[in-house]
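The primary structure of each chain is shown beneath.
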Amino acid sequence: MTESRSARARPAAGLDDVLLDVKLSAPQMRPGMVSRAPIIEVARASPVRAAGITAPAGYGKSTLLCEWAAAEDRVVGWVSLDPLDDDPGILLAVLASAYVRMFPAWAGLVADVRGVGVSALGRAAPVIASAFRRSPAPFVLMLDDLHDLQAPACHDVLSVVISGMPAGSQLVTASRAEQPHLSRMRASGDALELLAADLALEPGGAEQIFSRSEVPLTETQAALVIERTEGWPAGVQLAAMIARDAQQDDWTVSGNDRYVADYLYRESLSQQDQSTQRFLRRTAVLDRLHAPLCDALLAESGGQDRLQALEASNSFLIPLDRRREWYRYHSLFREFLLGELRRVEPDAVMGLHLRAADWYEANGAPAMALEHLLNTSERDRCVQLITQLVQVTYSAGQLSTVRRWLAALGGDTISAHPPLAVLAGWIGVLGGEPVEAQRWAALADEAVYDQVPVDGTASFESLRAMLRTLMCPAGPERMMRDADVAMAQEPAWSAWRDMALTGSAEAHLLVGDVDRAAALFSETAAVGGEIGNIDTVVNAESVLALLAMERGQWGEARDRVARAVGVVDEYRMYDYAASVLAFAAAARLALHDGASEQVDLQLTRGMRARPSCTYVLPSLATRSRLQMARVFWARGDHTTARHLLREIDDILVHVPDLGVLVDQVNDFRKVIAADARGVTGRGPPLTPAELRLLPYLQTHLTIGEIGERLYVSRNTVSSEVASIYRKLGVSSRNEAVKQATVVGLLGG
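Residues numbered from 1 in each chain as written. Predicted model: local features only at pLDDT ≥ 70, side-chain atom pairs only at ≥ 80, totals over all residues. Heavy atoms only, no water.

For the structure shown, the criterion picks out zero disulfides. Take C472: it sits in no disulfide, and the sulfur closest to it among the cysteines is that of C613, at 14 Å. (Disulfide = S-S within 2.5 Å.)

Structure below.
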C-alpha cells in the first residue's frame, strides 16, 4: 500500500509549495513596533542551545522572534507552526525543510525523514539531529507557536532533534504553554527562558505605541497605562486604539487584567463598517487568509484590496509573506472574532467551513479541505476524502494524522462505511496495531456494501478480499479463494492489480505451487513497477530472489536482491514491513558470497525493522524471521536463531495454518534439535518490544512516562530497559543510545 495508489488524491504541488514557503518565511517587522533589542542581545549572547519565550497571547512573542531574526548574523531558519503540524512525521519533515532552506547542500534530508513507514523517533529524529551536528555554520532555528503541538510524540521527537544542536547554534521557541524541553534542559544549564514578566512593557514602550497611533501621552498617563495593563503589550496596543477613537482628552483604560480584551476588541470592531465587520468575523474560520480563499468564503470579490486596507489600518492582521498574499490574524483577535461569529451568526459557521473546504479541494489540497470538513456535519464527504487520503498520508510518514482523522470520525461513522473500515484495518496491519487490525477486519467481514469505493478498487468485495489475503486468518485455501475474488475483479489497469497478484502469488506459495507462485510474483514485480507501487515490488523481488537461491541460481538472485534493496534505499523504506524480507534475502546472498560485513549490515537492518512484521502479516513475518534465523544459524549465532524461532512460534499461535511455510519452520526446528552443541553465538537479540522501547531512551522521559507512551506498566518498562542494558553491554541510557547507534539500531 503506497502513495501511488492514491496519486489522484495528492495535493497539487503548487499550493503545497506556497503554503510551505509561507510557513518557512519569517514575517517582516512592522514599522513602529517596540524594540526588544536588550532582551534579544542577552539571549543571543547566551551559550545555551535552547531559548524559549513562554507567555500568554498578546505579549509580542512573534514580534520578538522577527526582530531577533532580523538582527542575526548567523544563518536563520523559521517555522510558523500550526495545528496541522501536530504529527511527529509532519513536524520532522517541516524541520528538515527549514534546515535545507538554511543549508541547501542538505537537500536529501527531507526525503530521508519522509521515507515510507519511517520511524519518527527511532530513525527520522536522530537523522535530523545528526544533520544539525554536522551543520557547516552556526545557525538559529526559530519555531513560533509551539503551543500548537499537543501530541506528546511531537515533543518526544523534538527533544531528540534538540540534542543535535551544536555549540554556537540555538533553537528558539515561542509558546503560550509550558515547553517540556526547556524544563529538562534548564536543569543542565542549557536553556534560557523568557516569561511574561520579561516581556512586559515599560512606560517608554507605551509612549512609543501611543505615538504610532498619533495619540499624545504624558509620562503620568504612560505609567497609568502600564499599571492598568500590567505591561501587557496587546493591552497597551488596544488602549492606544481606544484613546485614538475616543477623540477626547479624558480617556481611561478600563480594567487591569487580560479579560479586558473583550471590551477593547469590541471597541476596535465597532469602528468598522458593517461589511468589514462581516468580513472579519467570517474569515476568522481560516488559519491563513488568502484573497481568493476569502472571496470564495464570502461569495464576493475584492478580497485583496480588503486585506491590504485592513493591514494598513489594523495591527491585528499580520502578513506572512513578502508578496502580501497570505495573512493571519493575531491569535487573540482571531479568538475574539470567532466568538463574535458564534454570537452573531451561529448558523453561518458550518457553511463557512464548507466553502473553505470547497476552495481547498478545488485547488488541489484535499487534506486542508478535510480539516475544514471535520468541523461540519458532512460526515459522508469526510469519509470520501479520508478514504482517498489514507494511503498517501500514511506513506508520507504521517500515521498520527491518519489516526487523528479516524478518531475524529469516530468508530460508528467508520463502521457505517465498510471500505473505510477495511482501510482502517490496513492501517492497523502496517502500523503495528494487530488488535485494531483484527477489529476492523472482523467488522468488514460482516459488512454489506454494494457501491463503488472511492479508493480505486473495483469493489468493496475485492478490497476486503485483499485485506484477508494479507492477514490470512483462515489458512491458505481460504486465502486462495479471496485472492481469486480480487484477481477476477481488479482489471489490468487497476492501481490495485499488483496487490491482487501478490495475494494470489502468496496463496500459491503457501499451498506448495512454487512455479505458479513464481510466475505471479514476476507479474507482480512488473505491474507494481509500471504503476509505481513500491511495496509490492520489494516483496515480489525478495521472494523471487529466495526462490532463485533455492534453485541455486545465484546470478538471478543477485539481480533480484539488488532491485529489492535498491527500491528500499531509494524510498527510505528501512522501517517498512515489506523491507524485512528484502534484508533477509540480502543477508542470505551476502552469506553465500562470503561478504561478512554485508551479512552484518543486512541482518541488523532486518532485525531492527521486524517489529513492523506482526502476526497480522503472518506469511511475511514468518518467512522473514525464518530466513534470518537460517543465516544466524549458519554463522554460528544459535542464540539469535533460536530466539527468532520462538517469535515464529508466537505468530503461529495466532495464525496456525500457513501451509508449507509451517513445514519449512518444522524442518528448521529439526536442524536445531539435531545439533548437540547447545546455545552458541552472541547473546540474545533485542525483542520487538525492546526495539519499540529503545528510541525512547534518547528522550528525557522517565520510566513512568515511557510506560504511558507505550501503554505498558512501569514495571514492564523497567524490566525491558534492564534487558536492553544487559544485551547491549551498557549500564546507562546514554551508553545504550550510543551503542544502539553504533550497531545500527538507532538513527539512519
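Having put the structure on the table, let's press on.
This part takes up the sheet that holds strand β8 (residues 326-329). Strand pairing in a sheet is mediated by backbone hydrogen bonds. Such pairs are either parallel or antiparallel. Spatially, three strands are ordered β6-β8-β7 in an open sheet, and the strand pairing comes out antiparallel. Two strands close off the open sheet at either side, each with one partner strand: β6 (289-290) and β7 (317-319). As judged from the three bridges shared by β7 and β8, these two strands associate in the antiparallel manner. Considered in β8, the bridge of L317 is made with Y329. (Pairing = 2+ DSSP bridges. Helix = DSSP H or I, 4+ residues; strand = E, 2+ residues; numbered from the N terminus.)

Here we have five strands laid out as an open sheet, ordered β2-β3-β4-β1-β5, and parallel in their pairing. If you trace the sheet from one side to the other, it starts and ends with β2 (75-80) and β5 (191-194), each paired once. Each adjacent strand pair in this sheet contributes to an overall mean axis angle of 15°, direction not counted. Of the pairings in the sheet, the one linking β2 to strand β3 (residues 139-144) comprises six bridges and is parallel in character. Pairing of V79 across the sheet is with L143, part of β3. (Axes fitted to C-alpha atoms, helices over the stretch in contact; angles between N-to-C directions.)

We now examine the packing of aromatic side chains. Think of a pair of aromatic rings as described by two things: how far the centres are apart, and how the planes are tilted against each other in angle. Inspection of the entire model under this criterion finds eleven aromatic pairs. Both rings, one in F132 and one in F139, keep their centres 5.3 Å apart while their planes meet at 65°; by these two values the pair is edge-to-face. The exposure class of F139 is buried, given its relative accessible area of 0%. For the ring pair W359 and Y360, a centre distance of 5.2 Å and an interplane angle of 80° mean the geometry is edge-to-face. (Phe/Tyr/Trp six-rings, centres within 6.5 Å; stacked < 30°, edge-to-face > 60°. Buried < 20%, exposed > 50% of the residue type's maximum accessible area, 1.4 Å probe, protein only.)

Before going further, it helps to examine the confidence of the model for the protein. Summary statistics for the protein give a mean pLDDT of 89 and a share of 92% for residues scoring 70 or more. Predicted confidence is poor over residues 6-13, with pLDDT under 50, and the contacts of this stretch with residues over four places away or in other chains come to 15 contacts. (pLDDT = per-residue confidence, 0-100. Contact = heavy atoms within 4.5 Å.)

What follows concerns the environment of W326. Considering the arrangement of structural elements, one finds W326 in strand β8. In this structure W326 touches L15, V18, L19, V22, R288, L289, H290, I318, P319, L320, D321 and Y360, once residues within four positions along its chain are discounted.

Inspection of the entire model under this criterion finds 43 salt bridges. E311 is the partner of R324 in a salt bridge, and the nearest nitrogen-oxygen pair spans 2.7 Å. Here R324, found in the loop between β7 and β8, pairs with E311, found in helix α16 (residues 303-313); they are 13 residues apart in sequence, far enough to count as distant. When the shortest N-O distance is used, the salt bridge between D569 and R605 registers 3.1 Å. Of this pair, D569 sits in helix α30 (residues 554-570) while R605 sits in helix α32 (residues 596-609), placing them 36 residues apart in sequence. Its relative accessible area of 29% is what places D569 among the partly exposed residues. Taken together, the shared-partner salt bridges in this structure form one network comprising E41, R44, E72, D73 and R74. (Salt bridge = Lys/Arg side-chain N within 4 Å of Asp/Glu carboxyl O.)

Here D145, not a glycine, exhibits a phi torsion of approximately 65°, which is positive. One non-glycine residue, A299, lies in positive phi territory at about 55°. By secondary structure assignment, the location of A299 is in the loop between α15 (291-298) and α16.

Moving on, we get to the environment of P684. You can see P684 is positioned in the loop between α35 (660-674) and α36 (688-693). We classify P684 as partly exposed; its relative accessible area is 38%. Separated by 90 residues in the primary sequence, P684 and G594 have C-alpha atoms spaced 24 Å apart. Non-local contacts of P684, meaning those with residues more than four positions away in its chain, are made with T639 and K727.

For the rest of this paragraph, the subject is the nonpolar core. The biggest cluster of nonpolar side chains holds 160 residues, and the ones touching the most others in it are Y360, W426 and M549. Take this core: its biggest share by element is twelve residues, from helix α31 (residues 577-593). Other than its neighbours up to four places away in sequence, Y360 contacts L15, L293, W326, A365, P366, M368, A369 and H372. Grouped together as the second largest cluster of nonpolar side chains are 62 residues, V79, L91, L146 and L158 included. (Core = buried A, V, L, I, M, F, W, Y, C linked by side-chain atoms within 4.5 Å.)

Where α15 contacts α16, the two axes come as close as 8 Å, and the packing angle between them is 110°. On the basis of their axis angle, the class for α15 and α16 is roughly perpendicular. Here α15 and α16 pass one another in a crossing that is right-handed. Mapping the contact onto sequence places A291, C294 and D295 in α15 and G303, Q304 and L307 in α16. When the residues that make up the contact of α15 with α16 are grouped by side-chain class, the tally is three nonpolar, two polar and one charged. (Parallel < 35°, antiparallel > 145°, perpendicular 65-115°, else oblique. Left-handed = near helix turned anticlockwise from the far one by under 90°. Nonpolar A, V, L, I, M, F, W, Y, C, P; charged D, E, K, R; others polar.)

Counting buried residues in strand β1 (residues 50-54) gives five out of five residues, a clear majority hidden from the surface. Pairing analysis gives five bridges linking β1 to strand β4 (residues 170-175), with the strands arranged parallel. By the bridge assignment, A50 is partnered in β4 with L171. Bridging between β1 and β5 involves four bridges; their strand directions are parallel. When the sheet's bridge partners are listed, I53 is paired in β5 with L194.

Counted at 1.5 Å a residue, the expected span for α35 with its 15 residues is 21 Å, and the 21 Å between its end C-alpha atoms agrees. Taken as a whole, α35 has its buried residues at L661, V662, V665, F668 and I672. Down the axis of α35, the smallest arc covering the buried residues is 120°, so these residues share one side. In α35, those exposed residues whose orientation departs by more than 90 degrees from the buried face are K670, A673 and A674. Along its buried surface, α35 packs onto α27 (497-510), α33 (618-634) and α34 (638-654). (Expected span 1.5 Å × (residues − 1). Arc of directions from axis to C-beta.)

Our next topic: empty space enclosed by the protein. What the rule picks out here adds up to seven cavities of 30 Å³ or more. The volume enclosed by the largest cavity comes to roughly 310 Å³. Around the largest cavity, the lining comprises 21 residues; the ones closest to its centre are L470, T502, N539, L617 and L620. Going through the elements one at a time, α23 (418-430), α25 (460-471), α27, α29 (534-550), α31 and α33 are the ones with two or more residues in the lining of the largest cavity. Sort the elements by how many residues they give to the lining of the largest cavity and α27 lands first, with four residues. The residue makeup of the lining of the largest cavity, split by class, is twelve nonpolar, six polar and three charged. For the second largest cavity, the calculated volume is near 70 Å³. V383, Q384, T387, H417, P419, L420, Y449, V452, P453 and V454 together form the lining of the second largest cavity. Of all the secondary-structure elements, those providing two or more residues to the lining of the second largest cavity are α20 (379-395) and α23. Per-class residue counts for the lining of the second largest cavity are seven nonpolar, three polar and no charged. (1 Å grid on protein atoms, 1.4 Å probe; cavity = no way out; pocket = protein on both sides within 12 Å on 5 of 7 lines; lining within 4 Å. Points joined across faces, edges and corners; volume = space filled by probe spheres on them.)

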